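Here is how the chains run, residue by residue.
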Amino acid sequence: MNRDIIDINDCTILLEEATTTESSLVDVCSFDEPVIGIAFYGAGNVGLNIKYKDKSKAFQYTKGMVLSFYADENVSFEHHVSADKPLQCVVIATALRNINQLPNDEGQLLETFLNELVHPKDHYVEGPVFNMTPELFQLVGLFFKNQYEGQVKMMFYRSHMSALLSHYFGQLASQNVLKVNTDALEKINLAQEILLSNLENPPSLTELASKIGTNTNKLKKEFKAQFGVPVFKYLQEERLKKAYNLIKNEQKTIQEAAWNVGYDSLGSFSNAFEKKFGFRPSQV
């Protein structure tokens, strides 16, 4: 488990990442004073159980979810990590006492959009819970790819925290908030896993929809809403990224890489590769 805590002005960025080869691992997080937080769940997919006093709230499927909350020191967040459900989460939090000191109008935005959290009536108060846009999802992933050090690292975190919050409040301001439908979200992420496991010989749209228990229209609509691109555009992108890795890092020949990701024609593979990366596979 990796936990990184970064203090910026009167905000704290908490980066949590965990994997396990065991059947299960419970990662517990709590705060030592009352805070308002926004949790962005990235590429991992853990179960979440929030406990406070004699109450609890459970989320079985968290990938792509954003959760805003008020929590005091009586609240604990339990992440249930397993081999096929890793944890990747960015939390931006500020102590309740700091609301009026926040720069860049963050305090005013919290008052406007998350008023129930600024004026809590319980140990744990839940604000909006919804699916992230593709832009938000990509921003969250960047936090876990940062390799900068020192002042540049802090500049990276400041700028990306601002970008994350601006997209978040922008989504609230436009009222473009779709509440989490955990059943639909689970199906779409299952569709993604099926595609990634069958890059060489993927199922048709009809077959894929049948495998996840939906119809093709819902599959196309909900997949694009979650990942920002149509199903087979996503498939092509993932094929080409895998082919690039096979050539560059595993020393596969161009023909081996093309076959490995389902291309029969080297010409078609090479053209698609150049269109995505800007250079031919022979130049890798």
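Residues numbered from 1 in each chain as written. Predicted model: local features only at pLDDT ≥ 70, side-chain atom pairs only at ≥ 80, totals over all residues. Heavy atoms only, no water.

Draft legend 1. Structural view of the pairing of strand E9 (residues 87-95). Taking burial as the measure, the nine residues of E9 include nine buried ones, the bulk of the element. Burial of the side chains of E9 extends over both faces: Leu87, Cys89, Val91, Ala93 and Ala95 are buried on one face and Gln88, Val90, Ile92 and Thr94 on the other. Bridge count between strand E4 (residues 35-41) and E9: seven bridges; the pairing is antiparallel. Bridge pairing in E9 links Ala39 to Val91. (Buried < 20%, exposed > 50% of the residue type's maximum accessible area, 1.4 Å probe, protein only. Helix = DSSP H or I, 4+ residues; strand = E, 2+ residues; numbered from the N terminus. Pairing = 2+ DSSP bridges.)

Draft legend 2. Just the packing of aromatic side chains, in detail. On inspection of all chains with the given rule, the structure shows 22 aromatic pairs. When the ring of Phe113 is compared with that of Phe169, the centres are 5.9 Å apart and the planes differ by 35 degrees; the resulting orientation is tilted. Taken as a pair, Phe113 in helix H1 (residues 106-113) and Phe169 in helix H4 (residues 150-173) lie far apart in primary sequence, 56 residues in all. Among the residues examined, Phe113 registers a relative accessible area of 26% and is labelled partly exposed. For the pair Tyr244 and Phe273, a centre-to-centre distance of 6.3 Å together with 20 degrees between the ring planes defines the contact as stacked. Residue Tyr244 is located in helix H8 (residues 231-249), and its partner Phe273 is located in helix H10 (residues 266-277); the two are separated by 29 residues in the primary sequence. Take Phe273: its relative accessible area is 0%, and that puts it in the buried class. (Phe/Tyr/Trp six-rings, centres within 6.5 Å; stacked < 30°, edge-to-face > 60°.)

Draft legend 3. Seen up close, the pairing of strand E6 (residues 55-59). As paired strands, strand E5 (residues 47-52) and E6 are joined by five bridges and run antiparallel to one another. Each residue of the ladder has a partner; that of Tyr52, found in E6, is Lys55. The hairpin formed by E5 and E6 contains two residues between the paired strands, and Lys53 there has a positive phi angle of roughly 50 degrees.

Draft legend 4. Geometry of H8. Between its first and last C-alpha, H8 extends 27 Å over 19 residues, near the 27 Å set by a 1.5 Å rise per residue. Turning to H8, its buried residues number three or more, namely Val231, Tyr234, Leu235, Glu238, Arg239, Leu240, Ala243, Leu246 and Ile247. Once H8 ends, the next one or two residues include Gln251, with phi positive near 55 degrees. (Expected span 1.5 Å × (residues − 1).)

Draft legend 5. Here's a closer look at the pattern of salt bridges. If you walk through the whole model with that rule in mind, you get 10 salt bridges. Of the charged contacts, one joins Arg3 and Asp27 as a salt bridge, the two residues approaching to 2.9 Å between their closest N and O atoms. Here Asp27 lies in strand E3 (residues 25-30) and Arg3 lies in strand E1 (residues 2-8), a separation of 24 residues in the sequence. Where Glu237 meets Lys276, a salt bridge forms, and the shortest distance between an N and an O atom there is 2.7 Å. Taken together, the positions of Glu237 in helix H8 and Lys276 in helix H10 put the pair 39 residues apart, joining distant regions of the chain. A relative accessible area of 23% places Glu237 in the partly exposed class. The class of Lys276 is partly exposed, set by a relative accessible area of 30%. Beyond isolated ion pairs, a larger network of salt bridges with shared partners links Arg3, Glu16 and Asp27. (Salt bridge = Lys/Arg side-chain N within 4 Å of Asp/Glu carboxyl O.)

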